[in-house]
Amino acid sequence: MKRITIKDLADLLQISTSTVSRALSNHPDISEAVKQRVKEAAETFNYVPNDFAINFRKKSSKVIGLIIPKMSMFFIPSILEGISAILNKEGYHFFILSSEESIEIEKENLQTCANSRVDGVLISLTSQTHDFSHFKKLDDLEIPIVLFDKSLSEQKYDQIVFNNEKDAEECAKQLIDSHCKNILAIFGNKDLEITERRRSSFEKYLSNFSDVNYKSIFCNSAEIVKEKLEIILEYEKFDGIFAMSDETLAGLNYALKVKGLSAKSYKVMAISEGIFPKYLNPHFQFQKKDKIKMGMMAANTLLDKIKNKDQKNINTYYI
């Protein structure tokens, strides 16, 4: 069935398109009788407003572009929950684009956001993103951008990040306080700044204790953690283990099961959202990072940028 337009309703009712438009928006200049006629016709012929055209006239799409590096059960759901809670309350919609950890796809996603006339962009960068040169198109269009979870040393946009150094240091302290002398540290993708920050802080704290030995490994997925640990745990002994994320913790848990090792034999510390470890093993302990709060803060920060475009201050918010 052909989509009916305001012009179709106007022709049917033999009134002007502006009268139909104002009647549908409940304008006070239009009589109740005319409003009733227009609304009945709209309902009868299944008229659906063209939100894009309406928002274009208002110079606002009420749509946010959300760009993520990849879909992941270890990260995305809670972030989305926080973002959705804020945007829905403020009458905004959002669409999700995955960059699949590719800088080229990230560029395409930014172009899609520009073409879609979004009011703003929330983005978590790929592991291949090392500068903001491909953000220029959105800057030229004055589309506000807020980064979350991952950041670059160049602080060009507001960013919402976890206090990675503090969390990693606290995990190292917990292992030392538990008298661990041989520690294994499992980190994620070594090309990510978040990995480097956690590694640097964790190892810096342990370096204060000359009687403590530690080994660090880098794994881009839970599967790689499992594969490496199946070999390492065969010939090396540890009394403490650090996992820098839920994903690395999942790989650790799998490896322990495959090797027939009990988690009770180790002091295990992780940086986690706090839900996942409880389902893996009650002996796993963690520093909690609130991803729902991160999503909410990122959305609120972007909305503030949209409403106050003249405000040029750049801030980093730690959770």
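Refer to the structure above for everything that follows.
Throughout this description, residue numbers start from 1 for each chain and increase along the sequence as written. Thresholds applied to this predicted model are a pLDDT of at least 70 for local features of residues and 80 or more for the giving and counting of side-chain atom pairs; totals over whole chains, interfaces and linings are not thresholded and use all residues. Excluded from the side-chain calculations are hydrogens and water; all other atoms, namely the structure's heavy atoms, are used.

## Regarding the overall build of the protein
In step 1: Comment: elements are numbered from the N terminus, with helices defined as DSSP H or I runs of at least four residues and strands as E runs of at least two. When you go through the protein residue by residue, the secondary structure sums to 13 helices and eleven strands.
In step 2: In terms of principal-axis extent, the alpha carbons of the protein reach across some 90 × 40 × 30 Å.
In step 3: Each residue is assigned to one of three classes by its accessible area relative to the maximum for its type, calculated with a 1.4 Å probe on protein chains only: buried under 20%, partly exposed between the two thresholds, exposed over 50%. Out of the 319 residues belonging to the protein, those deemed buried represent 47%.
In step 4: The contact criterion used is simple: two residues touch if any of their non-hydrogen atoms lie within 4.5 Å. Look at the contacts in the protein between residues 6 or more apart in sequence, and 69% of them connect residues 24 or more apart.
In step 5: Exposure was quantified through the Shrake-Rupley algorithm and a 1.4 Å probe, taking into account, for residues, occlusion by the shown protein chains and nothing else. For the protein, the exposed area adds up to about 16600 Å²; of that, 49% sits on carbon and sulfur atoms.
In step 6: Charge assignment: positive for Lys and Arg, negative for Asp and Glu; neither His nor the chain ends contribute. Charge positions are represented by NZ for Lys, CZ for Arg, CG for Asp and CD for Glu. Side-chain charges in the protein split into 44 positive and 44 negative, and the spacing between the mean points of these groups amounts to 3 Å.

## Section: unusual backbone geometry
In step 1: In this structure, Glu-100 takes a positive phi of about 55° despite not being glycine.
In step 2: Its location among the elements puts Glu-100 in the loop between β2 (93-98) and α6 (103-115).
In step 3: Although it is not a glycine, Glu-142 sits at a positive phi angle of roughly 60°.
In step 4: Within the element layout of this structure, Glu-142 appears in the loop between α7 (136-140) and β4 (145-148).
In step 5: Note on Glu-142: relative accessible area 57%, which makes it exposed.

## Some details on the side chain of Asn-109
In step 1: By secondary structure assignment, the location of Asn-109 is in helix α6.
In step 2: Not counting the four nearest positions on each side in its chain, Asn-109 is found in contact with Ile-67, Leu-97, Ser-98 and Ser-99.

## Quick notes on the sheet that holds strand β9 (residues 267-272)
In step 1: Across the sheet, five strands lie side by side as β7-β6-β8-β9-β10; this open sheet has parallel pairing. The outermost strands of the open sheet, each flanked by one partner alone, are β7 (213-218) and β10 (285-288). Strand-to-strand, the axes of this sheet are offset by a mean angle of 15°, without reference to chain direction.
In step 2: Pairing analysis gives four bridges linking strand β6 (residues 182-187) to strand β8 (residues 240-243), with the strands arranged parallel. Its bridge partner being in β8, Ala-185 is matched across the sheet by Phe-242.
In step 3: The axes used here are C-alpha line fits, helices contributing only the stretch in contact, and every angle between their N-to-C directions lies in the interval 0 to 180 degrees. Where helix α8 (residues 164-177) meets the sheet, its contacts fall on β6, β8, β9 and β10, and the angle it forms with β9 comes to roughly 170°.
In step 4: Its contacts with the sheet place helix α11 (residues 246-259) against β6, β8 and β9, and it is angled at close to 150° to β9. Strands qualify as paired when DSSP identifies two bridges or more between them.

## Thoughts on the nonpolar core
In summary, soluble globular proteins display a tendency toward joint burial of nonpolar side chains.
In step 1: Nonpolar cores were defined as sets of buried Ala, Val, Leu, Ile, Met, Phe, Trp, Tyr and Cys residues, with membership established by side-chain atoms within 4.5 Å. Membership of the largest hydrophobic core comes to 21 residues, with the highest contact counts inside it found for Ile-64, Leu-66, Ile-83, Leu-87, Leu-122 and Phe-148.
In step 2: For this core, the secondary-structure elements that each account for two or more residues are β1 (63-68), α5 (76-89), β4 and α13 (291-307).
In step 3: Judged by nonpolar contacts, the second largest core, of 20 residues, contains Ile-232, Leu-252, Ala-255 and Tyr-266.

## Here we look at the side chain of Lys-150
In step 1: Checked against the element boundaries, Lys-150 lands in the loop between β4 and β5 (158-161).
In step 2: Under the relative-accessibility criterion, Lys-150 is labelled buried at 12%.
In step 3: The residues touching Lys-150, leaving out its near neighbours within four places in the chain, are Pro-69, Glu-101, Ser-124, Leu-125 and Leu-192.

## What about the environment of Ser-78?
In step 1: When you line up the elements, Ser-78 lands in helix α5.
In step 2: A relative accessible area of 9% means that Ser-78 is categorised as buried.
In step 3: In this structure the C-alpha to C-alpha distance between Ser-78 and Ile-68, which are ten residues apart in sequence, comes to 13 Å.
In step 4: If we skip the residues at most four places from it in the chain, Ser-78 touches Glu-273, Lys-291 and Ile-292.

Any functional reading would require information beyond the geometric quantities listed.
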